[in-house]
Amino acid sequence: MDEDTVICRCEDLTLKDIREAINQGCTSMEEIKRATRCGMGPCQGRTCLPLVAAELARATGKKADEILPCTVRPPLMPLKLGTIAGVDDG
Amino acid sequence: MVKGAEVVIIGGGIIGSSIAYYLAKEGCEDVVILEREYPSWGATGRCGAGIRQQWGTEMNCRLAKGSVDLFKDLSAELDYDIEFAQGGYLVLATSQTQLEQYRRNVSLQNSLGIPSKIVTPQEAKEIVPILRTDGLPGAAYCPTDGHANPFKTNLAYLRAAQRLGVSFYKFTEAKGIEMKGGRVRGVLTSQGRIETARVVNAAGGYSAQIGKMAGLEIPTYSERHQIMVTEPLDHLFDPMVISFTSGLYCQQVPPGSILMGMGDPDEPHSHDLSSSWQFLQKMAREALKILPILRDIRVVRQWAGLYNKTPDAQPILGQAEKLEGFYMAVGFSGHGFMIAPMVSLILARLLMGREPPISVERLSLERFERGELVIEPSVVG
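Residues numbered from 1 in each chain as written. Chains lettered and ligands numbered in written order. Predicted model: local features only at pLDDT ≥ 70, side-chain atom pairs only at ≥ 80, totals over all residues. Heavy atoms only, no water.

A.B. asks: A description of the domain arrangement of chain B should follow, citing residues and the corresponding values.
C.D. replies: Residue and element names in this part refer to chain B. In terms of domains, chain B is made up of domain 1 (7-46 + 151-220 + 312-370) and domain 2 (86-144 + 221-308). Placing the centre of domain 1 and that of domain 2 at their C-alpha centroids yields a distance of 30 Å. The partner domain 2 presents 12 residues to the 17 residues of domain 1 that form the contact. Summing the contributions of domain 1 and of domain 2, the shared interface buries around 1000 Å²; its carbon and sulfur component is 52%. Scanning the region where domain 1 abuts domain 2 turns up zero salt bridges. Connecting domain 1 to domain 2 are nine residue pairs in polar contact (both at pLDDT 80 or more). Those elements that place two or more of their residues in the side of domain 1 that touches domain 2 are α2 (43-46) and α7 (207-213). Of the residues forming the side of domain 1 that touches domain 2, the biggest block, three residues, is contributed by α2. Taken together, the residues that form the side of domain 1 that touches domain 2 break down as seven nonpolar, nine polar and one charged. (Domains from an automatic or database assignment. Contact = heavy atoms within 4.5 Å. Buried area = accessible area lost by both parts, 1.4 Å probe. Salt bridge = Lys/Arg side-chain N within 4 Å of Asp/Glu carboxyl O. Polar contact = N/O pair within 3.5 Å; in protein donor to acceptor, adjacent residues only side chain to side chain. Helix = DSSP H or I, 4+ residues; strand = E, 2+ residues; numbered from the N terminus. Nonpolar A, V, L, I, M, F, W, Y, C, P; charged D, E, K, R; others polar.)

A.B. asks: Give me the packing of aromatic side chains: which residues, what numbers.
C.D. replies: The geometry of two aromatic rings is summed up by the distance between their centres and the angle between their planes. Residues and elements named next belong to chain B. Under the defined criterion, the tally for this structure stands at seven aromatic pairs over all chains. By the ring-pair criterion, three or more aromatic residues cluster together here, those being Y21, Y22 and Y157. Between R46 and the ring centre of W41, over which it is positioned, the NZ or CZ distance is 5.2 Å. The cationic tip of R52 hangs over the ring face of W55; the distance from NZ or CZ to the ring centre is 3.8 Å. (Phe/Tyr/Trp six-rings, centres within 6.5 Å; stacked < 30°, edge-to-face > 60°. Lys NZ or Arg CZ within 6 Å of the ring centre and 35° of its normal.)

A.B. asks: Could you give an account of the sheet that holds strand β18 (residues 316-319) of chain B, naming the residues involved and the relevant values?
C.D. replies: All names here are of chain B. Pairing within the open sheet is mixed, and its six strands lie in the order β8-β2-β1-β12-β19-β18. This sheet does not close on itself; its edge strands, each paired only once, are β8 (167-169) and β18. Pairwise comparison of adjacent strand axes, ignoring direction, gives a mean angle of 20° for this sheet. Contacting β1 (7-10), β12 (199-201), β18 and β19 (326-330), helix α9 (residues 336-351) runs over the sheet at an angle of about 175° to β19. (Pairing = 2+ DSSP bridges. Axes fitted to C-alpha atoms, helices over the stretch in contact; angles between N-to-C directions.)

Okay, structure coming up:
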């Protein structure tokens, strides 16, 4: 994978951006998320976070299953404000 | 881990990291920051990112104005883009009585150099075109209020402090404070002991617990506050929109998503960080009352953070009278991020025995025993 490969489509982050965050001292998924916004977009990390975990494992010499995932936050699917408020007639 | 330091700061959020930076800048680089988790784990990384100067007490106005002056140049000073932008704050009134209170606040703010003003419903609509103004008596507006990225501001201060020689230990917990003869002697951590004569409690939601380690009763308590964010949209409005009646705040942030939060008057004192469906529904209903156009916009994430509150909603700043070398920057009551730059500059000067830019004697821990409280009326969220 070259460094210009897009890792997080929602936030437009490349592998280079992720490596930079790791080089600046991020050693956990939560730190990378906060430093880069990776996983904070509409898909909530469904595409990017496994890729970031793999990169973090490589960089820290850990196994992929030793990398703790980010906290999963509700709602699990995007929900319209109108639906939540109970005023959606569609 | 180091064996000793001039100053040990407990907490690596915005407050701890900025105090470390200003200390190093004042010439004291032998500083250690202890962070139990990682930068922005706590309230900094969970906050609404707003920067407001429209306060009801002179002290909060001065801390906020001083902070905005520092925020303006911070990206350049720290060599890190903190995404500071001045889109203003629009404070909605829901009654004539409240609007009258805003008039008094505005005249106090103006006397301190804060360019806030009262606006008509029509003017409010020009500032936030998607705002529903039916029944709105008016609002207060300050164009130089704004927001910054809390994660980046935290990291910007931290990295700058580290470049100046400050040591940062993440995933390292403060376990105890050693004292002798009414003075601080050291800090016990999960990685070992650090000898020091000065400790700074910058532990946010856990400030009272750190106080107990030093034998002090700090009258702060924590309370869960929830928040949520939508999918990104094209640009709709600039300012943070808030209401002291519902406790709502709402802003479109740089990625385009709309961030909104709201307090619950029945929230118990706790360290609970869970998210609730009840919040989501109440928040959606309140937001759609003032911004009905957002009904088809999707919420993508919700989370919670802690307000660390004091009885008068103003922070506790400075050294404890009963324990030499124990300093506090705690109890920000939901507005720590926005006043952090000035607060931390003040703390750094006090730690160095130098004159602070603003006197904060009235924000001492001992004001509660003496009954000298100045209550801040303008808290939101």
